[in-house]
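Fold and geometry: a report
Here are the chains, one letter per residue:
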Amino acid sequence: MPRFTQEHEMLAQAVRDFVQREIVPFADEWERNHVCPPEMFRKWGEMGFIGATYPVEYGGGGMDLWAAAVIARELAMANVGGLQMSLFAHTYLPLPLLNAVGTEEQKQRYLVPAIRGEKIGGLGITEPGGGSDVGAMRTFAKDMGDHYVINGSKTYITNGTIADFIVLAAREGEGYDMTLFLFDTDTPGFSANSIDNKLGMHTSDTAELFFDNCVVPKSAVIGEPHFGFYYVMNNFQEERLIGALGGVYAAEYAYLKALQYAQERVTFGRPIAKHQVIRHKLAQMATRLEACRSICYRAVEEFTEDGPGAVNIISMAKAFVGEEIQRIIYDAVQIHGGNGFVEDYGVARVYRDMRLFSIGGGTTEIMYEIISKIVLEEAKHSKVLIKQR
C-alpha cells in the first residue's frame with residue numbers, strides 16, 4: 001500500500017491552494033489561447049514543487065516518489081493536462097539525467113536554477129523519422145577536438161520554444177553510439193517552431209527544433225561520451241511511471257465528474273444514476289480506475305526498491321493505464337451525453353488531452369514489445385513446469 005504520510009498531505013494542501021489561486025482562474029483562457037505561461041515555472045519552483053523529489057543540497061525537498069504522485073493528483077483535479085505536461089516534462093525528463101550523471105559544475109549551472117524555476121528545460125530525443133525508434137536518430141554531433149558541431153532536428157519536444165536549455169541526444173557513430181549534451185537555446189544556429197495544431201494539450205508548449213552547425217563546448221557533454229542511449233533508456237522508466245500516475249489521476253477526475261453529474265442529471269423522473277445501465281457503467285469505471293491505481297502504486301514501490309530494474313512492471317503500468325483510462329474517460333463523456341461534447345463540463349478537455357497518453361513517452365505497442373521480451377526471457381529460466389495433459 002502507498003505510504004502517504006503527513007508530510008505528503010501537507011504538500012498536497014500546499015499544491016491545492018496554489019492551484020486554486022494561481023492556475024484555476026486562468027486555465028480556461030490559457031486553453032482557449034493555446035498558452036503555456038513561462039512565468040508559471042518560476043512560481044512553481046518558488047513553492048518547492050519542482051524540487052520536491054530532488055536532493056536537498058541542490059535546493060530540492062529530498063522527498064520520495066509518492067510526493068510526485070501527490071503533485072500529479074492535485075494538478076489533475078484542476079484539469080490542466082497541458083500545463084501539467086509542460087511542468088512535468090521540465091521536472092522529470094531533463095532534470096533526472098542531469099541529477100544522475102551531470103558534473104557538479106553542470107548541476108550548479110543548470111539543475112539548481114531549474115529546480116527554482118529560473119531556467120526551463122526540455123528533452124530532445126524524438127525526431128521526424130524516428131518516433132519510438134530512438135536507434136534511428138539522425139541528429140549528429142561531430143567531434144572537432146575542442147568542441148562539437150551539431151546538425152539535425154527534433155520534433156514533438158515539450159517546452160521546445162520556451163526552454164532555456166535542452167538535454168539533447170545526438171549521434172556520434174553507428175548503432176547506439178550517442179552522446180547527451182546540455183544545449184543552451186541561445187546557441188547560434190538553433191531555431192524552434194511551435195506545433196500548435198494539436199488535438200489536445202493546448203496549454204503545453206510543443207515544438208520542432210532545428211540545429212544548423214551549432215557549436216557546443218566539450219563541457220556540455222553529460223556523463224560519458226557515446227553512452228547517451230543507455231542514459232536515456234534508464235531515464236524512460238521514471239518518465240513513464242510519472243506519466244502513468246498522471247493518467248490515473250486524470251481518469252479519476254473524469255470519473256468523479258461523471259459520478260457527480262449522474263446524481264444530478266434527471267431523466268424520466270429520476271437521476272440517471274438510478275438507471276441500471278448508468279449504475280453499471282459507473283461500477284465498471286470505478287473498477288478500471290482501481291486496477292490502474294493498483295498497478296501504478298505497485299510500480300512505484302518496485303521502482304523505489306529497484307530503480308530501472310522495475311522496467312517490466314513500469315512498462316505494464318504504462319501500457320495498461322494507457323488503454324484503460326481511455327475507456328474510463330470515454331464513458332465519462334458518454335454519461336454526460338450532449339453536455340460532454342461541450343467545454344463547460346470539463347470532460348471534453350480531459351478526453352482530448354489524455355488521448356496522447358498511449359502515444360507519448362513510448363506507445364502502447366512499444367510497451368508490449370518490451371514486456372514480451374522480458375516475459376519470454378524469464379520463461380527460459382523458469383523452474384515451473386506445466387505438464388501436458
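Note: the structure precedes this text.
Here goes a summary of the coordinates provided. (Residues numbered from 1 in each chain as written. Predicted model: local features only at pLDDT ≥ 70, side-chain atom pairs only at ≥ 80, totals over all residues. Heavy atoms only, no water.)

With that settled, the discussion passes to the overall build of the chain. Of the regular secondary structure elements, the chain holds 11 helices and 10 strands. The C-alpha atoms of the chain give 22 Å as radius of gyration, which agrees with the globular expectation for 389 residues (21 Å, within 12%). If you line up the chain on its principal axes, its C-alpha atoms span 80 × 65 × 40 Å. Every one of the 389 residues in the chain was classed for burial, and the buried ones make up 53%. Of the contacts made within the chain by residues no fewer than 6 positions apart, 74% connect residues no fewer than 24 positions apart. Accessible surface computed for the chain: about 18,300 Å², of which carbon and sulfur atoms make up 53%. The positive charge centre, built from 37 side chains, and the negative charge centre, built from 49, are 8 Å apart in the chain. (Helix = DSSP H or I, 4+ residues; strand = E, 2+ residues; numbered from the N terminus. Rg over C-alpha atoms; globule rule 2.2 N^0.38 Å. Buried < 20%, exposed > 50% of the residue type's maximum accessible area, 1.4 Å probe, protein only. Contact = heavy atoms within 4.5 Å. Areas by Shrake-Rupley, 256 points an atom, 1.4 Å probe, with all protein chains shown as cover. Lys, Arg positive; Asp, Glu negative; His and termini not counted. Charge placed at Lys NZ, Arg CZ, Asp CG, Glu CD.)

This part takes up empty space enclosed by the protein. Picture a little ball the size of a water molecule; that probe, rolled over the atoms, points out where space is still empty. All chains considered together, the criterion is met by two cavities of 30 Å³ or more. A volume near 60 Å³ is recorded for the largest cavity. As for the largest cavity, its lining consists of Ala76, Asn79, Val80, Gly81, Gln84, Gly246, Ala250, Tyr253, Val350, Asp353 and Met354. Broken down by secondary-structure element, the contributors of at least two residues to the lining of the largest cavity are α4 (81-92), α7 (228-264) and α10 (347-354). The residue makeup of the lining of the largest cavity, split by class, is six nonpolar, four polar and one charged. Residues of the lining of the second largest cavity, tallied by class, amount to four nonpolar, three polar and two charged. (1 Å grid on protein atoms, 1.4 Å probe; cavity = no way out; pocket = protein on both sides within 12 Å on 5 of 7 lines; lining within 4 Å. Points joined across faces, edges and corners; volume = space filled by probe spheres on them. Nonpolar A, V, L, I, M, F, W, Y, C, P; charged D, E, K, R; others polar.)

Core analysis: the biggest nonpolar cluster contains 104 residues, and Ile23, Trp44, Ile71, Leu75 and Ile335 have the highest contact counts within it. Looking at which element gives the most residues to this core, the answer is α7, with 18 residues. The residues touching Trp44, leaving out its near neighbours within four places in the chain, are Val15, Phe18, Val19, Ile23, Phe49, Ile50, Ile71, Leu75 and Leu87. In terms of nonpolar packing, the next biggest core, distinct from the first, is built from 18 residues, Tyr148, Phe183, Phe190 and Ala220 among them. (Core = buried A, V, L, I, M, F, W, Y, C linked by side-chain atoms within 4.5 Å.)

Interhelical geometry of helix α8 (residues 276-306) versus helix α9 (residues 311-336) gives an angle of 155° and a closest axis separation of 9 Å. One way to sum up the angle between α8 and α9 is to call them roughly antiparallel. When you trace α8 past α9, the crossing you get is left-handed. Broken down by class, the residue content of the contact of α8 with α9 amounts to 20 nonpolar, no polar and seven charged. (Axes fitted to C-alpha atoms, helices over the stretch in contact; angles between N-to-C directions. Parallel < 35°, antiparallel > 145°, perpendicular 65-115°, else oblique. Left-handed = near helix turned anticlockwise from the far one by under 90°.)

The next point concerns the environment of Lys198. Tracing the sequence through the fold places Lys198 in the loop between β6 (190-194) and β7 (206-217). Sequence separation between Lys198 and Arg138 is 60 residues, and the spatial gap between their C-alpha atoms is 25 Å. Ignoring any residue separated from it by four or fewer positions in sequence, one finds Lys198 in contact with Ser204 and Thr206. At a separation of 2.8 Å, a polar atom in the side chain of Lys198 contacts the side chain of Thr206. (Polar contact = N/O pair within 3.5 Å; in protein donor to acceptor, adjacent residues only side chain to side chain.)

Further remarks concern the environment of Thr126. Assignment of secondary structure puts Thr126 in the loop between β1 (121-124) and β2 (140-143). Overall, Thr126 belongs to the partly exposed group, its relative accessible area being 26%. In this structure the C-alpha to C-alpha distance between Thr126 and Ala244, which are 118 residues apart in sequence, comes to 19 Å. For Thr126, the residues in contact, after removing those within four places along its chain, are Gly131, Lys154, Thr155, Tyr156 and Ile157.

With that out of the way, let us pick up the packing of aromatic side chains. Within the structure shown, the criterion is met by 17 aromatic pairs. Ring plane angle 90° and centroid distance 5.4 Å describe the contact between Phe229 and Tyr230, whose orientation is recorded as edge-to-face. On the basis of relative accessible area, Tyr230 is assigned to the partly exposed category, the value being 44%. Grouping aromatic residues by their ring pairs yields a cluster made of Tyr176, Phe227, Phe229 and Tyr230. Sitting over the face of the ring of Tyr110, Lys119 holds its NZ or CZ atom 4.6 Å from the ring centroid. Here the basic side chain of Arg240 rests over the ring of Phe236, its NZ or CZ set 4.5 Å away from the ring centre. (Phe/Tyr/Trp six-rings, centres within 6.5 Å; stacked < 30°, edge-to-face > 60°. Lys NZ or Arg CZ within 6 Å of the ring centre and 35° of its normal.)

Before going further, it helps to examine unusual backbone geometry. Even without being a glycine, Tyr156 presents a positive backbone phi close to 55°. For Tyr156, the location among the structural elements is in strand β3 (residues 147-158).

A word on the pattern of salt bridges. Here the structure, examined in full by the defined rule, presents 21 salt bridges. With a shortest N-O distance of 3.0 Å, Glu46 and Arg42 are connected by a salt bridge. Placement of the pair is Glu46 and Arg42 together in helix α2 (residues 39-46), with a separation of four residues, close to one helical turn. A residue is classified by how much of its surface remains accessible, and Glu46, at 56% relative accessible area, is exposed. By relative accessible area, which is 36% here, Arg42 ends up partly exposed. The partner of Arg293 in a salt bridge is Glu252, and the shortest N-O contact between them spans 3.9 Å. Taken as a pair, Arg293 in helix α8 and Glu252 in helix α7 lie far apart in primary sequence, 41 residues in all. For Arg293, a relative accessible area of 16% puts it in the buried group. Glu252 gets classed as buried once you look at its relative accessible area, which sits at 9%. Among the ionic contacts, a cluster of salt bridges with common partners joins Asp28, Glu31, Glu343, Arg349 and Arg352. (Salt bridge = Lys/Arg side-chain N within 4 Å of Asp/Glu carboxyl O.)

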